[in-house]
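Coordinates in review
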Amino acid sequence: MVTENEIKGFKEKIFYLLSKSKLGRAFELLDKLLLLSQEAVFADKIDGLKTTYKLMLQYSFQGINDPEQQVVYQRLLKETYEITDAVTESWLKLNSFSYYYSSTRLFLTRDIDNSFVMQELEKNDLEKVFPTEDDEKEYEFYLSHLFTKFWLTSQYNDDSVIFCKSLVENVRIKPVELSLAASAIMLSTLHLFDEKKFLCLFELQKSSYKEVSLRALTGIVLSLFFHNDRIVFYPTIRNKVILLFEDEKCVKEAQLIIQQLVRSKETERITKDITENIMPQISKIAPRMRDDLVDIDQNEDFEEKKNNWQDLIDETGVGDKMQQYAELQEQGSDIQMSTFSMLKNYPFFTEVGNWFLPFFIQHSSVKALFLKDADGTQDFVSSLVKSNFLCHSDKYSFCLNLVMVPENYRKAMMNGLQVETDQMKELEKDKKVLSQDSIAEVIINKYIQDLYRFFKLFVVSHKDSFEDIFSFRFDFHKAWFFRFLNQNNDFLVKMGEFFFAKNLFENALSSFLYLDEQSQPDVERYRKIGFCYQKLLNFTFAIDYYKKAELIETDNLWTIRKIAYCYRNLKQYDEALDYYLVADSLAKDNQSILFNIGICYFEQKQFDKALNYFFKIEFISNNNKKAENYIALCSFFTENYAKDETYYLKQPEDNGYYELLYLAHCYWCMKNKSKALEYYKKSAGLVRKEQKGNCKLIYETLEEEADTLAKYGISALDISFISDAVRYDL
């Protein structure tokens, strides 16, 4: 029986072949897909495409000059994409049990006419409280239906575009409805390409409401990126993109969107660090803070309590870290994910549309917090939801959580947070004087956070219905539309530098290589490309670019050391040694350089020369354990066992399993087998402790070094005896 994954797999392979202009092979797979899916209704259309392609090939090889050949070929590619979508979608709608297609089948039985949906949405004014509970339920039903309609309609038609345009032009339709529509259309476009979906997004981008316009623009940017291979076939979309980015304001906004999407790449690292390193420390002092909070009353000096809390935080050692993340938040980083990811389990978030719903206080799930202010809740929450502190999704999470808090505890909490309430009011005043660019940046920042939460939290349990867009590399510079945002390469330089600073080396490398093709030679760029390759463990390419930098700026110590490092990792010790010796001439008595020279000589088995450098390090720096270990090793390989023993025992408490192993070898070669066995067992014991009872490493090491040890009188039979003696703990 054919599976959903098989159908989707064929589609992916066909799309890949089409992106490489391998039309004939794509037709072969399309025939197999048709046979597999048994969607015979598409057979005639596919046969027609194949016939046209064969005729085009015949004309071409018969020497007939066809000025329309390229046009015909492009049309064939476009229609093959479309027919593949149609075959796949037709089968999945009937047979898939995924969340998306199950929801689609249910929606088709409950669809409502567009004009009626519009009429019902027009009735309500979100500036006021709903007259009755029925009015409230009715509004939320049609709001949800609007989202579902745009999201689950796989192919739009002219009526869809007209409906979308009428929503934008209707003054009774407010930002909440339009914002939700923009998010739904974006989701639908990401799921399945459709020219008319793009047209709807372009209509919404024209909205006078900034939140709506920027959501639509985000949808356009993401859809252009993920469907880049197909945009070439749709001149209407291309022309609208060109027209859109003739407006410098739209260019800046699109750049902000890309910057924030790129910045989201560090959210996982930030969340992990907060969860693993900061929250455990905070949890230790939470009981004390909770007790203080309960004891606070209206007349007590809250500042004194807060100072006590600050002292507690400083004692944990995370105060500086929290300050660092506060600064990152100022720059646009998402530091709230770790907190609010745990507050997405409410029934509210089982509905897809609610992940994208702009916050409004009349919503039935949170309205209770705003109906009265007996405990001071309304003042605080109102300030919070008006602030830029949280994205919409997190505002709902916060309020849903607050609704569950017992009233007496909530009252104490509100008293304690009065200072923060006053601060948020001040921030709200500041917001009113923000520039248009700053307002756009805030809106984009919070919307991308809403998207991040949906794709990282909801999608985890519905992977069969959504692709996590944040798992992609976001190489926007490879997309067709990026040229309009990067006229002088300044924007790509900024992106590349951000990737590089955040250790996102794959992204940084892709950006810098693209810049390298477009720009004049640049020594810093070559170094950064080399460093990216080095971090990605491609040492050969790293050397190539480091040497390009060396040609421009010779005798640069940093570059020379990096070249040496890469050669050493490639085990090309002759070349590495040459560069380390140059580095030594530029930075005399640098212990790291001296150590690496010693290592190169050691790997070349020039033990006497290696010893000279390790002894020099020992002279410069007493008790250098790394140098002592290599002095001991060189002594063993030069059969100076007494010195070997001396150096391993200089700092015995710092010996690892490898040092203990070679000290055991030393005693074996000195014919002191009982002492040797003692240290073999110590080495095995350390391995057993570090690897939770697994001694496999020590046995493997003995086997791997059998040929080397044989030269020093430790035979294969000796190794077997040693291994078994350790195994039986004799």
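Scroll up for the structure.
Residues numbered from 1 in each chain as written. Predicted model: local features only at pLDDT ≥ 70, side-chain atom pairs only at ≥ 80, totals over all residues. Heavy atoms only, no water.

So, on to the overall build of the chain. A tally of regular secondary structure across the chain gives 39 helices and zero strands. Residues classed as buried in the chain amount to 52% of the 730 residues present. Partitioning the intrachain contacts of the chain with sequence separation of at least 6 by distance along the chain shows that 67% fall at a separation of at least 24. Accessible surface, the chain as shown: approximately 35900 Å² in total, 51% of it carbon and sulfur. (Helix = DSSP H or I, 4+ residues; strand = E, 2+ residues; numbered from the N terminus. Buried < 20%, exposed > 50% of the residue type's maximum accessible area, 1.4 Å probe, protein only. Contact = heavy atoms within 4.5 Å. Areas by Shrake-Rupley, 256 points an atom, 1.4 Å probe, with all protein chains shown as cover.)

Counting residues in hydrophobic clusters, the biggest one holds 218 residues, and the most contacted among them are F150, L187, F245, I258, F454, F481 and Y680. Once residues within four sequence positions are removed from consideration, F481 is found in contact with V221, L224, F225, V241, F245, I258 and F476. I274, I278, L328 and I335 belong to the second-largest nonpolar core, a separate cluster that totals five residues. (Core = buried A, V, L, I, M, F, W, Y, C linked by side-chain atoms within 4.5 Å.)

A few words on the environment of Y658. Within the secondary structure layout, Y658 lies in helix α35 (residues 657-669). Taking C-alpha positions, Y658 is 7.2 Å from S683, a pair spaced 25 residues apart along the chain. Among all residues touching Y658, those that are not within four sequence positions of it are L633, T701 and E705.

Now for unusual backbone geometry. The backbone of N489 sits at a positive phi, close to 70°, despite the residue not being glycine. Among the secondary structure elements, N489 is positioned in the loop between α24 (436-458) and α25 (490-501). Taking relative accessible area as the criterion, N489 reaches 16% and is therefore assigned buried. Even without glycine at this site, D589 takes up a positive phi of about 60°. Note that D589 resides in the loop between α30 (573-586) and α31 (591-603). Residue classification places D589 among the partly exposed positions, given a relative accessible area of 40%.

On to the pattern of salt bridges, then. The final tally for this structure, using the stated rule, is 36 salt bridges. The partner of K123 in a salt bridge is E120, with the nearest N and O atoms 3.0 Å apart. A residue is classified by how much of its surface remains accessible, and E120, at 5% relative accessible area, is buried. Taking the shortest distance from any N to any O, the salt bridge between K137 and E133 comes out at 3.5 Å. In this pair, K137 and E133 are both assigned in helix α7 (residues 133-152), four residues apart and thus about one turn of the helix distant. Classification of E133 by relative accessible area gives partly exposed; the value is 49%. (Salt bridge = Lys/Arg side-chain N within 4 Å of Asp/Glu carboxyl O.)

Helix α29 (residues 557-569) packs onto helix α27 (residues 523-535) with a crossing angle of 25° between their chain directions and a minimal axis gap of 11 Å. One finds that α27 runs roughly parallel with respect to α29. The two elements α27 and α29 meet at a crossing, and its hand is left-handed. Contacts between α27 and α29 involve R527, F531 and Q534 on the former and, on the latter, W558, T559, K562, Y565 and C566. Split by residue class, the contact of α27 with α29 holds four nonpolar, two polar and two charged. (Axes fitted to C-alpha atoms, helices over the stretch in contact; angles between N-to-C directions. Parallel < 35°, antiparallel > 145°, perpendicular 65-115°, else oblique. Left-handed = near helix turned anticlockwise from the far one by under 90°. Nonpolar A, V, L, I, M, F, W, Y, C, P; charged D, E, K, R; others polar.)

Compared with the 18 Å implied by 1.5 Å per residue over 13 residues, the 19 Å span of helix α21 (residues 392-404) between its first and last C-alpha is a close match. Within α21, ten of the 13 residues are buried, which leaves it mostly tucked inside the rest of the structure. Restricting attention to buried positions, one finds in α21 the residues H392, S393, D394, K395, Y396, S397, F398, C399, L400 and L402. (Expected span 1.5 Å × (residues − 1).)

Moving on, we get to the side chain of K446. Residue position: K446 is located in helix α24. A polar contact is formed between the side chain of K446 and the backbone oxygen of N388, at a distance of 3.3 Å. Look past the residues within four positions of K446 in its chain and what remains in contact with it is N388, F389, L390 and C391. (Polar contact = N/O pair within 3.5 Å; in protein donor to acceptor, adjacent residues only side chain to side chain.)

It is worth spelling out the packing of helix α32 (residues 607-620) against helix α33 (residues 625-637) at this point. Their axes nearest at 9 Å, the elements α32 and α33 cross at an angle of 155°. Looking at the two axes, α32 sits roughly antiparallel to α33. Between α32 and α33 lies a crossing of left-handed hand. Here F607, A610, L611, F614, F615, I617 and E618 of α32 lie close against α33, whose contacting residues are A627, Y630, I631, C634 and F637. Broken down by class, the residue content of the contact of α32 with α33 amounts to eleven nonpolar, no polar and one charged.

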